[in-house]
Amino acid sequence: MRDSQQAADLLTWYDRHARVLPWRVSPSDLRSGVVPDPYRVWLSEIMLQQTTVAAVKKYYERFTYLWPTVGDLAAAGDADVMGEWAGLGYYARARNLLKCARVVVHDYDGRFPDTCKELLKLPGIGPYTASAISSIAFDQAETVVDGNVERVISRLFNIRTPLPASKPEITKIAQTFTPSARPGDYAQAIMDLGATICTPKSPTCGICPWRSPCQAHDLGTQAELPLKTRKAPKPTRLGIAYVARRSDGAWLLERRPDKGLLGGMLAWPNSEWNEAPVDSPPLDAEWCLLSAEARHTFTHFHLELKIKLANISVESEPERGTFVPPEEFAPSQLPSVMQKVFNLARDAFDDWS
DNA sequence: AAATCGTGGAT
DNA sequence: TATCCAAGATT
């Protein structure tokens, strides 16, 4: 079809400008016969969901160092994986990552399926990720539609229907461009194009391989596309976090339930987060309120956390949570909001003693 | 099917 | 400071 020339133009651009990424097999290596590792493609795609390349790099290196194969990851402990994911956000991804690894090992003999249909059955793999794995790891002609593709296609066709309503139309158009040859490189090329040239603000149309067919560039509307429906303003919630240090140096921590915010993560015991939180310490003690608060913004609300400290004797029994000895505790295992709390609490304990 | 689910960098 | 946004999935 006519669109094959556009795909070819993009692949030519990609051959020269493909970014070097830890999880990527370069076009030249691919031609030399290097075969992508589906485990690493899958791992990188899960980490990259709603997350920047810069933020993912260290985590990807660490995970592949600790768990080089899907079998290694499947055999890992839940707490170890959650602790290594800490700071990356969207923690359901980490829970589903482990679930998926174990399903692949036990139900698929340790080999990822190669079709979208089968991949979509696995936990944590949705339409985008299934297409990405199928095309990049298995050379199947599937179409990826991520935020980059939404933006590129919206501009190419000057689509003025706001997202997400325009997504079906965008998907349909994107499918007509996907080539049967080198679909994996094409998928990565169109995402690279969106990430490096067809950027959200100030796109560099002057060097774009798709400038000539681009309707938005023709009309000068590229900077205002894609249109998006307004998001609701974020309310502010209040809460109290309790940091207890036992005389032997152990810290009182709590494993959050698998469902909901920060699910499955280690955390300081805390009150509910709402308009008027109730003081609910995890054990009876002389709690000292810090003057400093931890402020943090989540996806859909702001949080202002008061912090209470207590020194605890070794014979006391908490009503909830577990004392973790200092040699087993690293603040890097905590989600970012809880790391903020720890940093403020540690400074206060240091002043205290 | 609208809400939920993190974080940090850029503007 | 406020808002946007980044290789979305789940319920």
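Residues numbered from 1 in each chain as written. Chains lettered and ligands numbered in written order. Predicted model: local features only at pLDDT ≥ 70, side-chain atom pairs only at ≥ 80, totals over all residues. Heavy atoms only, no water.

As annotated in an unreviewed UniProt entry, chain A carries the name Adenine DNA glycosylase and is attributed to Roseovarius albus. Database annotation for chain A, UniProt heading Function (unreviewed entry): "Adenine glycosylase active on G-A mispairs. MutY also corrects error-prone DNA synthesis past GO lesions which are due to the oxidatively damaged form of guanine: 7,8-dihydro-8-oxoguanine (8-oxo-dGTP)." Among the UniProt annotations of chain A, the heading Catalytic activity (unreviewed entry) holds the following wording: "Hydrolyzes free adenine bases from 7,8-dihydro-8-oxoguanine:adenine mismatched double-stranded DNA, leaving an apurinic site." (UniProt positions renumbered as here; feature names shortened; annotations may be inferred.)

K.L.:
Just to check I follow, could you spell out the domain arrangement of chain A for this structure?
P.N.:
Under the domain assignment, chain A is made up of domain 1 (4-224) and domain 2 (236-352). Taken over C-alpha atoms, the centre of domain 1 sits 37 Å from the centre of domain 2. Taking both partners together, domain 1 and domain 2 bury about 730 Å²; carbon and sulfur atoms supply 56% of that area. Linking domain 1 with domain 2 are zero salt bridges. Residue composition of the side of domain 1 that touches domain 2, grouped by class: five nonpolar, two polar and one charged. (Domains from an automatic or database assignment. Buried area = accessible area lost by both parts, 1.4 Å probe. Salt bridge = Lys/Arg side-chain N within 4 Å of Asp/Glu carboxyl O. Nonpolar A, V, L, I, M, F, W, Y, C, P; charged D, E, K, R; others polar.)

K.L.:
I would appreciate a short explanation of the packing of aromatic side chains in the present structure.
P.N.:
Aromatic ring pairs are reported here in terms of the distance separating the ring centres and the angle at which the planes meet. Here the structure, examined in full by the defined rule, presents 16 aromatic pairs. Taking the centre distance of 5.9 Å and the plane angle of 40° together, the rings of Tyr39 and Trp42 count as tilted. With Tyr39 and Trp42 both in helix α3 (residues 38-48) and three residues apart, this pair spans about one turn of that helix. Tyr39 gets classed as buried once you look at its relative accessible area, which sits at 3%. We classify Trp42 as buried; its relative accessible area is 0%. Taking 6.1 Å as the distance between ring centres and 75° as the angle between the ring planes, the aromatic pair formed by Phe157 and Phe177 counts as edge-to-face. Of this pair, Phe157 sits in the loop between α10 (147-156) and α11 (167-177) while Phe177 sits in helix α11, placing them 20 residues apart in sequence. An aromatic cluster is defined as three or more aromatic residues linked by ring pairs; in this entry it consists of Trp251, Trp268, Phe329 and Phe342. (Phe/Tyr/Trp six-rings, centres within 6.5 Å; stacked < 30°, edge-to-face > 60°. Helix = DSSP H or I, 4+ residues; strand = E, 2+ residues; numbered from the N terminus. Buried < 20%, exposed > 50% of the residue type's maximum accessible area, 1.4 Å probe, protein only.)

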